[in-house]
Amino acid sequence: ADWQQFRIYSGGQANISNAVIRYGGGYYFYNCSYPNVCYGAIYNDGGAANIANSQISQNGLHGIYQKMGTLIVNNSEINNHQYGVFLAGGNATISQSSINDDAQYGVYIASSSVILTLTNNTFTNNVLGSAYIDGADFTHSGNTAFGTGKKGFIFSGNISANRTWNPDLPYIIQSLTINTGVMLTIQSGAIVLEFKHDFIPFLTQCQRNIADGLLAF
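Residues take numbers from 1 onward in each chain, read along the sequence in its written order. Given that the model is predicted, a residue must reach a pLDDT of at least 70 before its local features are reported, and side-chain atom pairs must reach 80 or more before they are shown or counted; all residues, however, enter totals for whole chains, interfaces and linings. By convention in this description, side-chain values take in all heavy atoms of the structure and omit both hydrogens and water.

Colleague: How would you explain the packing of aromatic side chains if you had to name every residue and give the values?
Modeller: Think of it this way: a Phe, Tyr or Trp ring, Trp meaning its six-membered ring, pairs with another when their centres are within 6.5 Å, and the plane angle makes it stacked under 30 degrees, edge-to-face over 60, tilted otherwise. Applying the stated criterion to the full structure yields 15 aromatic pairs. Plain terms: the ring middles of Tyr83 and Tyr108 are 5.2 Å apart, the flat faces sit at 70° to each other, and that makes the pair edge-to-face. Of this pair, Tyr83 sits in strand 8 (residues 83-87) while Tyr108 sits in strand 11 (residues 105-109), and the two are 25 residues apart along the sequence. As far as the burial class goes, Tyr83 and Tyr108 line up, both buried. Ring geometry for Phe153 versus Tyr171: centroids 6.4 Å apart, planes at 65°, classification edge-to-face. Pair noted here: Phe153 is in strand 17 (residues 153-159) and Tyr171 is in strand 19 (residues 171-178), with a separation of 18 residues, a long-range link. Strands here mean DSSP runs of E at least two residues long; helices mean DSSP runs of H or I at least four residues long; both are numbered from the N terminus. We call a residue buried when its accessible area falls under 20% of the maximum for its residue type, exposed when it is over 50%, and partly exposed in between, using a 1.4 Å probe and counting protein chains only.

Colleague: Report on the pairing of strand 4 (residues 42-52), specifying residues and quantitative values.
Modeller: Across five bridges, the pairing between strand 2 (residues 13-17) and strand 4 is parallel. Each residue of the ladder has a partner; that of Asn15, found in strand 4, is Asn50. Pairing analysis gives nine bridges linking strand 4 to strand 6 (residues 62-74), with the strands arranged parallel. Bridged to Ile51 within strand 6 is Val73. When DSSP finds two or more bridges between two strands, those strands count as paired.

Colleague: Go over the sheet that holds strand 13 (residues 122-124) with me, naming the residues and quoting the values.
Modeller: Taken in spatial order, the six strands make up an open sheet running 3-5-7-10-13-16, and their pairing is parallel. Each of the sheet's edge strands pairs with one partner strand only, and the pair in question is strand 3 (20-22) and strand 16 (144-146). Strand-to-strand twist across the sheet, computed as the mean angle between neighbouring axes with direction ignored, equals 10°. Here strand 13 pairs with strand 16 via three bridges, running parallel. For helices, the fitted axis covers only the stretch in contact; all axes are lines through C-alpha atoms, and the angles between them, taken along N-to-C directions, range from 0 to 180 degrees.

Colleague: I'd like a rundown of the pairing of strand 17, residues and numbers included.
Modeller: Looking down a regular strand, the side chains alternate between one sheet face and the other. By the criterion of burial, strand 17 is predominantly enclosed, with five of the seven residues buried. For strand 14 (residues 129-134) and strand 17, the ladder comprises four bridges, and the chain directions are parallel. Bridged to Tyr132 within strand 17 is Ile154. Examined bridge by bridge, strand 17 and strand 19 share seven bridges and lie parallel to one another. Considered in strand 19, the bridge of Phe153 is made with Tyr171.

Printed below as a string of structure tokens:
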């Protein structure tokens with residue numbers, strides 16, 4: 001990385017439009033050898049980041065890192081990172097964008113407190129998966145995935161509130177617990193798969209995996 005990052009703190013707002021952002025995400029002499037101090041080319045720490053019609057490419061570990069705050073990405077391209085968008089907190093809406101060629105995940109949720117909406121995005125060649133969802137509040141529709149890697153939403157962690165899974169990219173289950181008394185509703189047309197094999201329907205193993213939760217079809 002040749003430079004550090006744009007940092008947006010609580011009360012601040014960044015409106016980025018028709019921009020190309022490359023080669024950032026470094027941190028002093030560490031040069032992103034330490035993930036805890038490398039926050040991507042755009043680091044949101046409680047502010048509001050609005051990104052439109054832009055390209056974020058070939059930065060450090062993350063294209064965008066959000067610790068908290070609000071992120072809106074529209075009609076943009078994010079590519080060639082370890083994680084395209086890394087969400088440790090806050091709210092994020094990503095729409096009509098291309099997220100591709102990431103060595104791990106296109107979008108990564110690191111906390112169940114995150115609220116994420118993905119609409120009409122294209123994921124291509126994200127090695128470990130299109131998006132990793134850690135039990136978060138997740139709304140999505142109209143997304144597509146191509147190329148290498150796991151072409152779906154990787155689910156892990158606990159579901160602690162009622163959720164509905166609608167048809168979109170496949171739901172790929174790595175490790176999932178539905179808490180007692182919580183309802184997971186899977187709508188007709190939704191595809192649920194095992195992480196290990198990608199193509200084996202997870203639903204044949206529900207009794208083994210969903211603990212004391214409730215599953216509805």
